Amino acid sequence: MTRAETIEAGTRRREKTPAARLLDMLAGWSNLVEGQEQYDGHAIDLSVSVDDLCQIYQDAGGALLEVRDEDSEGEKEFVRRFVEERVLPTLMK
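For the structure given in this document, a descriptive report is provided here. Just so it is clear, the model here is predicted, and its values are computed rather than measured. (Residues numbered from 1 in each chain as written. Predicted model: local features only at pLDDT ≥ 70, side-chain atom pairs only at ≥ 80, totals over all residues. Heavy atoms only, no water.)

Comments concerning a nonpolar patch on the surface
In step 1: On the surface, a nonpolar cluster with roughly 320 Å² of combined accessible area is contributed by Leu88, Leu91 and Met92.
In step 2: Position of Met92 relative to the elements: it lies in the segment after helix H3 (72-91).
In step 3: The class for Met92 is exposed, based on a relative accessible area of 65%. (Patch = residues over 30% accessible without salt bridge, like charges linked within 9 Å, V, L, I, M, F, W, Y side chains within 5 Å. Areas by Shrake-Rupley, 256 points an atom, 1.4 Å probe, with all protein chains shown as cover. Salt bridge = Lys/Arg side-chain N within 4 Å of Asp/Glu carboxyl O. Helix = DSSP H or I, 4+ residues; strand = E, 2+ residues; numbered from the N terminus. Buried < 20%, exposed > 50% of the residue type's maximum accessible area, 1.4 Å probe, protein only.)

Listed below in structure tokens is the structure:
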């Protein structure tokens, strides 16, 4: 069995690509912020809204359609550039 795919207790596991991890991270961040906005007592981030994060997710997903699946170096470069240009500025607001 390879590192990329294993079967453990009936659950298929695989190694995700950098692009999949980026989308997972953005979706999780958006869900976290959305959850915090729904409950009293949590600080609401006035600089980063759920809509902002959803737009970043949509932009990443759309741009990834243009990156060839078999070009892992191109995908890595896209993720690196997207994080530098879109994710880091959002974090640093």
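Details of H3
In step 1: When the local axis directions of H3 are compared, the greatest deviation, roughly 40°, occurs at Val83.
In step 2: When H3 is considered as a whole, its buried residues turn out to be Glu75, Phe78, Val79, Phe82, Val87 and Thr90.
In step 3: Looking at the packing, one finds that the buried side of H3 touches helix H1 (18-38) and helix H2 (50-64). (Bend = angle between axes of the 7 residues up to and from the residue. Contact = heavy atoms within 4.5 Å.)

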